[in-house]
Amino acid sequence: MKCDVRVVIPGFPAKYTYGPCGLSSIYLVETGKRKMLFDTGGFGQRRELFPRLKAMGHPAESFEIVVLSHAHWDHMMNVPYFSNADIYLHAEDMKFANAKVQDVDRAYPLPYMRDLLSTRHLRCWEGDSTLVEGVQLIHTPGHTPGSISAVVETEWGRTVLCGDTIKNRAEYFSEEYDVRGDEQTFHAGVKRIRALADAIAPGHDRPFDTKSGKYLADGDREPAIIANFEKNIQKESVCKPMP
Ligand SMILES: [Zn+2]
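Residue positions are counted from 1 within each chain, in the order its sequence is given. Only residues with pLDDT of at least 70 are given local features in this predicted model, and only at 80 or more are side-chain atom pairs given and counted; all residues enter the totals for whole chains, interfaces and linings. The side-chain values count all of the structure's non-hydrogen atoms but skip hydrogen atoms and water molecules.

I keep staring at the sheet that holds strand E4 (residues 26-30) and nothing clicks. Help me out?
Backbone hydrogen bonds hold the strands of a sheet together, and the pairing may be parallel or antiparallel. Here, a strand pair is defined by DSSP locating no fewer than two bridges between the strands. Helix and strand definitions follow DSSP, with helices as H or I runs of at least four residues and strands as E runs of at least two, each counted in order from the N terminus. The 6 strands lie next to each other as E1-E4-E5-E6-E7-E8, forming an open sheet whose pairing is mixed. Edge strands, defined here as strands with exactly one partner in the open sheet, are strand E1 (4-9) and strand E8 (122-125). Strand after strand, the sheet turns through a mean of 25 degrees between neighbouring axes, direction not considered. For E1 and E4, the ladder comprises 5 bridges, and the chain directions are antiparallel. Note that in E4 the partner of isoleucine 9 across the bridge is isoleucine 26. The strands touched by helix H1 (residues 43-55) within the sheet are E1, E4 and strand E5 (35-38), with E1 carrying the most contacts at an inclination of about 135 degrees. Here, axes are lines fitted to C-alpha atoms. For helices the fit covers the stretch in contact, and angles between N-to-C directions go from 0 to 180 degrees. Contacts are assigned to residue pairs with any non-hydrogen atoms lying within 4.5 Å of each other.

Right, dumping it as structure tokens:
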């Protein structure tokens, strides 16, 4: 079955010199009969996310399925706004998140973790799973214990939405990843994604073709960061990803 993957918010492959800035990608997957949102982003995308979903014909309240690639703040903070949706999180990340609620960790701000874990719509699953016809969820642990990827057939070929297991195009082609957790487990997940994917929709970048490296979609607007380094507010520095 052919599905559509559309970029709602394009991720930005950037980090601060002193830490992550969390500009993650948000995708809409349509199977013909069903639709789902893959990740919900963090604070930075909130103002743009809801008008954009509406403009695409899919207001937040119309979603019945939201899939989280993993439970880090930059992918799950807007979950409470999808009040009619079941929220799919892998059971291993549910366990991990529960443990982290007792902990102070930069990737798990406490109130948001509590919000996520207390939602009555949280649906946990294990192993691999066919969520709806045409969408397979596979367990690709490493970045977090419950990191997952979604595999769908699209006009780009077999497309893998992989969250932060592969964050951006540079990681894919250099094969230098931001390895977290057990190294062997992490690389097994990456290997599984690489074996499947004609196209990758990463966690912090735009979808790209795995052979040519060509970017396949930007969403409605090219991603960029606007900075004001000058005394004149009109003088803006626009930082864009390479074409
Ligand atoms: Zn992330």
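Explanation requested: the pairing of E5 in the structure shown.
The side chains of a regular strand alternate between the sheet's two faces. Relative accessible area decides the class of each residue, using a 1.4 Å probe on protein chains only: under 20% of the type maximum gives buried, over 50% gives exposed, and in between gives partly exposed. Neither face of E5 is left uncovered, since the one carrying Lys35 and Leu37 and the one carrying Met36 and Phe38 both have all their residues buried. In this sheet, E5 lies alongside E4 in antiparallel orientation, the contact comprising 4 bridges. Bridge pairing in E5 links tyrosine 27 to phenylalanine 38. Joining the antiparallel neighbours E4 and E5 is a turn of 4 residues, in which glycine 32 adopts a positive phi near 110 degrees. Direction of pairing for E5 relative to strand E6 (residues 65-67): parallel, over a ladder of 2 bridges. Counted as the bridge partner of leucine 37 is valine 66 from E6. Classification remark: right-handed applies to a crossover when, strands pointing away from the viewer, the course from the first strand over the helix to the second runs clockwise. Note on the crossover from E5 through H1 to E6: the handedness is right-handed.

Any chance you could explain the state of the cysteines here in plain terms?
Linking two cysteines covalently through their sulfur atoms gives a disulfide. Whenever a pair of cysteine sulfur atoms sits within 2.5 Å, that pair is classed as a disulfide. Inspection of the entire model under this criterion finds 0 disulfides. Between cysteine 21, a free cysteine, and cysteine 239, which holds the nearest cysteine sulfur, the sulfur-to-sulfur gap is 11 Å. Residue cysteine 21 is classed as buried on the basis of its relative accessible area of 15%. Residue class for cysteine 239 comes out partly exposed when judged on its relative accessible area of 34%.

Looking at this structure, I do not really get the sheet that holds strand E13 (residues 199-202). What am I missing?
Taking strand neighbours across the sheet as the criterion, the 6 strands line up as E9-E10-E11-E12-E13-E14 in an open arrangement whose pairing is mixed. Single-partner strands in this sheet number two, and they are strand E9 (129-132) and strand E14 (208-209). Lying over the sheet, helix H6 (residues 183-196) contacts strand E10 (135-139), strand E11 (148-154), strand E12 (157-163) and E13, oriented at roughly 155 degrees with respect to E12.

When you look at the packing of aromatic side chains in this model, what are you seeing that I'm missing?
A ring pair, where both rings are aromatic, is described by two values, the distance of the centres and the angle of the planes. Stacked, tilted and edge-to-face are the three classes applied to pairs of Phe, Tyr and Trp rings, where Trp contributes its six-membered ring and a pair requires centres within 6.5 Å; stacked means planes under 30 degrees apart, edge-to-face means over 60, and tilted covers the rest. What the rule picks out here adds up to 8 aromatic pairs. Centre to centre, the rings of tyrosine 16 and tyrosine 18 are 5.3 Å apart; their planes meet at 20 degrees, and the pair counts as stacked. In this structure tyrosine 16 comes out as partly exposed when scored by relative accessible area, which is 45%. Pairing phenylalanine 50 with tyrosine 81 gives two aromatic rings, centres 5.1 Å apart and planes at 45 degrees, and the pair type is tilted. Of this pair, phenylalanine 50 sits in helix H1 while tyrosine 81 sits in the loop between helix H2 (73-76) and strand E7 (86-90); the two residues are 31 residues apart in sequence, bridging distant segments of the chain. In textbook terms, an aromatic cluster arises when at least three aromatic residues are bridged by ring pairs, as seen for Phe50, Phe63, Tyr81 and Phe82. Here, a charge over a ring means that NZ of Lys or CZ of Arg falls within 6 Å of the ring centre while also lying within 35 degrees of the ring normal. Between the NZ or CZ atom of lysine 35 and the centre of the ring of phenylalanine 63, over which it lies, the distance is 4.6 Å. Stacked on the ring of tyrosine 215, the Lys or Arg arginine 206 has its end atom at 3.9 Å from the ring centre.

Got a minute to help me understand the coordination of the zinc ion in this structure?
Any two of four tetrahedral donors ideally make an angle of 109.5 degrees at the metal, while pairs among six octahedral donors ideally make 90 or 180 degrees. For Na, K and Ca the donor cutoff is 3.2 Å, while for all other metals N, O and S atoms must lie within 2.8 Å; water is not among the atoms, so some sites may look incomplete. The zinc ion binds to the protein through Asp74 (OD), His75 (NE2), Asp164 (OD) and His204 (NE2), with metal-donor distances spanning 2.0 to 2.2 Å. Seen from the zinc ion, its 4 donor atoms lie at angles of 88 to 161 degrees, and the figure they make is irregular. Here the donor residues of the zinc ion are spaced in sequence according to D-H-x88-D-x39-H. One end of the pair, aspartate 74, is in helix H2; the other, aspartate 164, is in the loop between E12 and helix H5 (169-174), and 90 residues separate them in sequence. Every angle between 85 and 135 degrees makes a four-donor site tetrahedral, while opposite donors more than 155 degrees apart, with all other angles between 65 and 115, make a four-donor site square planar and a six-donor site octahedral; other sites are irregular.

I would appreciate a short explanation of the environment of alanine 170 in the present structure.
Positionally, alanine 170 belongs in helix H5. C-alpha separation for the pair alanine 170 and glycine 213, spaced 43 residues apart in sequence, amounts to 9.4 Å.

Sorry, what's going on with unusual backbone geometry here?
In most cases, non-glycine residues show a negative phi, while peptide bonds are predominantly trans. Even without being a glycine, aspartate 39 presents a positive backbone phi close to 75 degrees. Mapping aspartate 39 onto the fold places it in the loop between E5 and H1. Positioned with a positive phi, glutamate 175 is a non-glycine residue whose angle comes to about 60 degrees.

Bear in mind that shape data such as this cannot, by itself, settle questions of function.
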